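# Secondary and tertiary structure notes
Okay, here's what each chain looks like letter by letter:
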Amino acid sequence: MQALIAGADPGRVLLLLAAGVASGLAGSIAGLASLFSYPALLAAGLPPVAANVTNTVALFSNTVGSAVGARVELRGQRARLIRLGLAAALGGAIGAALLLGTPSSTFELVVPWLVALGSVLILIREPLRRLTARLSAGPASSLPGLPLACAVLLVGLYGGYFGAAAGVLMLAVLSLSATEPLPVTNAVKNIATGAANVTAAVAYAFLAPVDWSAALTLGVGCFAGAWMGPAVVRRLPEAPLRIAIALAGFGLAWTLWRDATAS
């Protein structure tokens, strides 16, 4: 790490480390890690597409940290994780291909709406949870295998293209597929969204303008935040934090839309 950040602006390094920790925590709280990491990369001077692909690479460590912190919940889930991971990975590959195959101007116009969508989803996460809990209460209401795979693939596609709120969407989908404690569903969600993220990250590593020093610095913070997340969330009031994250997301969406339409 020292070799990659040698000579880097200390303020930039501290910004990305702090944003990484916040992203890891936000991922644990709300499934919206990108609402901290993406704007931090923009603030560090990266253009939108470079910031997005660098963010995708960095958030791999978020998946690793979450998996380390949820070993208990993931026991006995291997076969399920493989099935879901394959569908999500395919979706992530398609999403990466869409990003790489469309003009940067298109991405700049689309991403404010994706950020706003993520903010809306975080505000309505609890109603979504209650709805999916009611729908999955009966034995006949769980999603069958093929519709579940298609839904996971679509969420993976979104995650590969941009990803903010992909965790919220995946949690809603998985809540329809099984009746189980929320911590287990959340842990499985982290691995499924991580599979989409990893597939896209591999493509971006070879084909996109990844800022590797920024990705590594942000990734270190993400790992720490994701690893600490479960313990921190148990001690902090969740609702005010979710509202604050959503409001920040709406502000970011407006700023990105203003800049995209002004250029």
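Just so we're clear, the structure is a prediction, and the values are computed from it rather than from any experiment.

A count of helices and strands for the protein gives 14 helices and zero strands. The contacts of the protein with a sequence gap of at least 6 include a subset with a gap of at least 24, amounting to 83%. Element-wise, carbon and sulfur atoms account for 72% of the exposed surface of the protein, whose accessible area totals about 11,800 Å².

Listed in full, the buried residues belonging to helix α3 (residues 34-43) are Ser34, Leu35, Ser37, Tyr38, Ala40 and Leu41. Phi turns positive one or two residues past the end of α3, at glycine 45, with a value near 105 degrees.

Here we take up the pattern of salt bridges. Tallying each qualifying case throughout the model produces one salt bridge. The partner of aspartate 211 in a salt bridge is arginine 12, and the shortest N-O contact between them spans 2.9 Å. Here arginine 12 lies in helix α2 (residues 10-30) and aspartate 211 lies in the loop between α12 (182-207) and α13 (212-233), a separation of 199 residues in the sequence. Take aspartate 211: its relative accessible area is 23%, and that puts it in the partly exposed class. We classify arginine 12 as buried; its relative accessible area is 19%.

A large share of helix α4 (residues 48-58) lies buried, amounting to nine of its 11 residues. Buried within α4 are the following residues: Ala50, Ala51, Asn52, Val53, Thr54, Asn55, Thr56, Val57 and Ala58.

Right, let's get into the confidence of the model for the protein. In the predicted model, the protein carries a mean pLDDT of 82, and the fraction of residues at 70 or more is 85%. Within the model, the stretch residues 1-6 combines pLDDT values under 50 with 10 contacts to residues more than four positions away or in other chains.

For the rest of this paragraph, the subject is the packing of aromatic side chains. Here a ring pair, both rings aromatic, is described through the centre-centre distance and the interplanar angle of the planes. With the rule as written, the count across this model stands at four aromatic pairs. Taken together, the ring pairs connect Tyr38, Phe107, Tyr161 and Phe162 into an aromatic cluster.

This part covers the packing of α4 against α12. The contact between α4 and α12 brings their axes to 8 Å, and the two run at 125 degrees. The orientation of α4 relative to α12 falls into the category oblique. Once α4 is placed against α12, the crossing between them reads as left-handed. Seen from α4, the contacting residues are Val53, Thr56 and Val57; seen from α12, they are Asn197, Ala200, Ala201 and Tyr204.

Core analysis: the biggest nonpolar cluster contains 64 residues, and Val115, Val152, Phe162 and Tyr204 have the highest contact counts within it. Of all the elements, α12 adds the most residues to this core, at nine residues. Contact partners of phenylalanine 162, with chain neighbours within four places excluded, come to Ser34, Tyr38, Asn52, Phe107, Val111, Leu114 and Val115.

It is worth spelling out the side chain of arginine 80 at this point. Here arginine 80 is to be found in helix α7 (residues 78-101). The class for arginine 80 is buried, based on a relative accessible area of 14%. Of the polar contacts made by the side chain of arginine 80, one reaches the side chain of glutamine 77; its length is 3.1 Å. Arginine 80 has contacts with Leu174, Ser177, Ala178, Glu180, Val184 and Val188, leaving out every residue within four places of it along the chain.

Together, Phe60, Val64, Val68, Phe223, Trp227 and Met228 make up a nonpolar patch on the protein surface, roughly 510 Å² of accessible area in all. Where the nonpolar patch is concerned, the elements lending two or more residues are α5 (60-69) and α13. Among the secondary structure elements, phenylalanine 60 is positioned in helix α5.

Tracing the backbone through its elements, the reader meets serine 61 in helix α5. For serine 61, a relative accessible area of 14% puts it in the buried group. Within the structure, serine 61 has its side chain in polar contact with the backbone oxygen of alanine 58 (distance 2.9 Å).

Bringing the packing of helix α11 (residues 166-175) against α12 into the picture now. What describes two packed helices is the angle between their axes and the distance between those same axes. The N-to-C vectors of α11 and α12 enclose an angle of 125 degrees; their axes lie 9 Å apart at closest approach. Between α11 and α12, the crossing angle belongs to the class labelled oblique. Classified by chirality, the crossing of α12 by α11 is right-handed. Here Ala166, Gly167, Met170, Leu171, Leu174 and Ser175 of α11 lie close against α12, whose contacting residues are Leu182, Thr185, Asn186, Val188, Lys189, Ala192 and Thr193. For the contact of α11 with α12, the per-class residue count stands at seven nonpolar, five polar and one charged.

The rules behind the values
Residues numbered from 1 in each chain as written. Predicted model: local features only at pLDDT ≥ 70, side-chain atom pairs only at ≥ 80, totals over all residues. Heavy atoms only, no water. Helix = DSSP H or I, 4+ residues; strand = E, 2+ residues; numbered from the N terminus. Contact = heavy atoms within 4.5 Å. Areas by Shrake-Rupley, 256 points an atom, 1.4 Å probe, with all protein chains shown as cover. Buried < 20%, exposed > 50% of the residue type's maximum accessible area, 1.4 Å probe, protein only. Salt bridge = Lys/Arg side-chain N within 4 Å of Asp/Glu carboxyl O. pLDDT = per-residue confidence, 0-100. Phe/Tyr/Trp six-rings, centres within 6.5 Å; stacked < 30°, edge-to-face > 60°. Axes fitted to C-alpha atoms, helices over the stretch in contact; angles between N-to-C directions. Parallel < 35°, antiparallel > 145°, perpendicular 65-115°, else oblique. Left-handed = near helix turned anticlockwise from the far one by under 90°. Core = buried A, V, L, I, M, F, W, Y, C linked by side-chain atoms within 4.5 Å. Polar contact = N/O pair within 3.5 Å; in protein donor to acceptor, adjacent residues only side chain to side chain. Patch = residues over 30% accessible without salt bridge, like charges linked within 9 Å, V, L, I, M, F, W, Y side chains within 5 Å. Nonpolar A, V, L, I, M, F, W, Y, C, P; charged D, E, K, R; others polar.

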